[in-house]
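# Notes for the structure review
Here's the letter readout for the chains.
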Amino acid sequence: MTDTTLPAASAAPAAHPGRGYGQHVPGTVSGLTATGGLAVVELAWRSYRPRHGQLVDHYEVYVSERAGRAGGSATLLGRTLYPHFTHRVGPKPRTRHYSVVAVVDSGARTRPTRPVSAANARSVAAGRAVAQVGEFDHKGLEFALSPDRSAGYRTAFPTGVDFRYGTSTPSRDWCYLHPGPADSWAGRKEHTFTLRFDLRTAPKDDLACALWLIDSHATAAGTAEMTLNDSPVRTLEFRGGATRGSVEGDATRAGTALKPSYYEFPMTAGLFKTGENVLKLRKTSGSWIAYDALGIFARE
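Residues numbered from 1 in each chain as written. Predicted model: local features only at pLDDT ≥ 70, side-chain atom pairs only at ≥ 80, totals over all residues. Heavy atoms only, no water.

In terms of helices and strands, the protein chain carries two helices and 19 strands. Viewed in the frame of its principal axes, the protein chain has a C-alpha envelope of about 65 × 45 × 25 Å. Evaluated residue by residue, the protein chain yields a buried proportion of 51% over its 300 residues. At a minimum sequence separation of 6, the contacts of the protein chain that also span at least 24 residues come to 76%. Carbon and sulfur atoms form 48% of the exposed surface of the protein chain, whose accessible area is close to 13700 Å². (Helix = DSSP H or I, 4+ residues; strand = E, 2+ residues; numbered from the N terminus. Buried < 20%, exposed > 50% of the residue type's maximum accessible area, 1.4 Å probe, protein only. Contact = heavy atoms within 4.5 Å. Areas by Shrake-Rupley, 256 points an atom, 1.4 Å probe, with all protein chains shown as cover.)

In structure tokens form, the structure reads like this:
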């Protein structure tokens, strides 16, 4: 679920919800729920219906790291026009506490809801990195050509991406956008991104892969084949995004239309070997995907 927020919402400083912003209107927002998932906490509530013909201008969402009724420790997380909000979070599980205030067209505000709590699911990217490209932060700005220079892809990566963990640099050696055979700007052909990494010894236990995207093509996200050391790992079928990841790179920015997606799955120990290992992702159909981060992790 992607919310529509007003400008500069996520950059707001700490605040006291429901205080110091003019008069209150009766009641509070009701039905607030928070549901944790992979990389997100989804918030939803009932639409507030003010009295005397006023209209809701927007809702403000607050978050606190401490339990209890919202107070000085609550931070304005964002504003939304609709009765739902997606809080994008990192790989490690953490319990957070949320409350919501409705602001009507006169500027008057409801009192904050009683906080509700939720923890995001643990991502495999919270484990020990065996190999990793990018940060799992809902941004792709650290990659080459980001956020909007995909036209330079064929010049910068004439044979695709070939990245060595520990030596290569994301800002130079890994493109933010992975084109597919439907993309005329990339030659209408399959493109392979390669991640190389070394292991002192082959693992005894299974590892796991995490692939986070900040966006994908809305109607032609397509598929990709992943292999490790020339052995098939799986076919990835990508969910449609917002077709904005080719021109912007920050899914945490207020008002963004980006539609991230997340793919995590086990990788059996027998696929790995001592020495160099080669992970390949070949875009086999459809259009581009836009990277947040890719990595292989040992569970901790």
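Let us now look at the confidence of the model for the protein chain. Across the protein chain, the average pLDDT comes to 91, with 91% of residues at 70 or higher. Counted against residues more than four places away or in other chains, residues 1-14, with its pLDDT under 50, gives 46 contacts. (pLDDT = per-residue confidence, 0-100.)

This brings us to the domain arrangement of the protein chain. Segmentation of the protein chain into domains returns domain 1 (26-119) and domain 2 (124-298). Each partner contributes to the interface: domain 1 provides eight residues, whereas domain 2 provides nine residues. In total, about 730 Å² of surface goes out of reach between domain 1 and domain 2, with carbon and sulfur atoms giving 71% of it. Summed over the three residues of domain 1 that lose the most area to domain 2, namely Leu38, Arg88 and Pro91, the buried surface amounts to 73% of that side. At the boundary of domain 1 and domain 2, one finds two residue pairs in polar contact (both at pLDDT 80 or more). Of the residues in the side of domain 1 that touches domain 2, the class split is five nonpolar, one polar and two charged. (Domains from an automatic or database assignment. Buried area = accessible area lost by both parts, 1.4 Å probe. Polar contact = N/O pair within 3.5 Å; in protein donor to acceptor, adjacent residues only side chain to side chain. Nonpolar A, V, L, I, M, F, W, Y, C, P; charged D, E, K, R; others polar.)

Attention now goes to the UniProt feature "domain: Rhamnogalacturonan lyase" (unreviewed entry) in the protein chain. Following the UniProt record, the feature "domain: Rhamnogalacturonan lyase" (unreviewed entry) maps to residues 132-294 here. In residues 132-294, helix accounts for 5% and strand for 39%; the two terminal C-alpha atoms are 6 Å from one another. (UniProt positions renumbered as here; feature names shortened; annotations may be inferred.)

Within the secondary structure, Thr192 is located in strand E13 (residues 191-199). It is 9.2 Å that separates the C-alpha atoms of Thr192 and Glu225, two residues lying 33 residues apart in sequence. Those residues in contact with Thr192, other than ones at most four positions away along the chain, are Gly160, Val161, His178, Lys280, Leu281 and Arg282.

Now for the environment of Arg94. With respect to the element layout, Arg94 can be found in the loop between strand E6 (84-88) and strand E7 (95-104). The spacing of Arg94 and Glu65 is 29 residues in sequence and 8.8 Å in space, taken between C-alpha atoms.

Let us now look at the packing of aromatic side chains. One pass over the full model with this rule turns up 13 aromatic pairs. Between Phe143 and Tyr291, the aromatic rings sit 6.5 Å apart at their centres with planes inclined by 70 degrees, giving edge-to-face as the arrangement. Separated by 148 residues along the polypeptide, Phe143 in the loop between strand E10 (128-133) and helix H1 (153-156) and Tyr291 in strand E19 (residues 289-298) bring together distant segments of the chain. Grouped by ring-pair contacts, the aromatic residues Phe143, Phe163, Trp174, Phe193 and Tyr291 constitute a single cluster. (Phe/Tyr/Trp six-rings, centres within 6.5 Å; stacked < 30°, edge-to-face > 60°.)

Before going further, it helps to spend a moment on the sheet that holds strand E2 (residues 33-37). An order of E2-E3-E6 is seen for the three strands of this open sheet, with the pairing classed as antiparallel. In the strand order of this sheet, the two ends are held by E2 and E6, each with one partner. Across the sheet, the mean angle separating the axes of adjacent strands is 20 degrees when strand polarity is ignored. Bridge analysis of E2 against strand E3 (residues 40-44) gives five bridges, and the strand direction is antiparallel. Bridging from a neighbouring strand, Gly36 pairs with Val41 of E3. (Pairing = 2+ DSSP bridges. Axes fitted to C-alpha atoms, helices over the stretch in contact; angles between N-to-C directions.)

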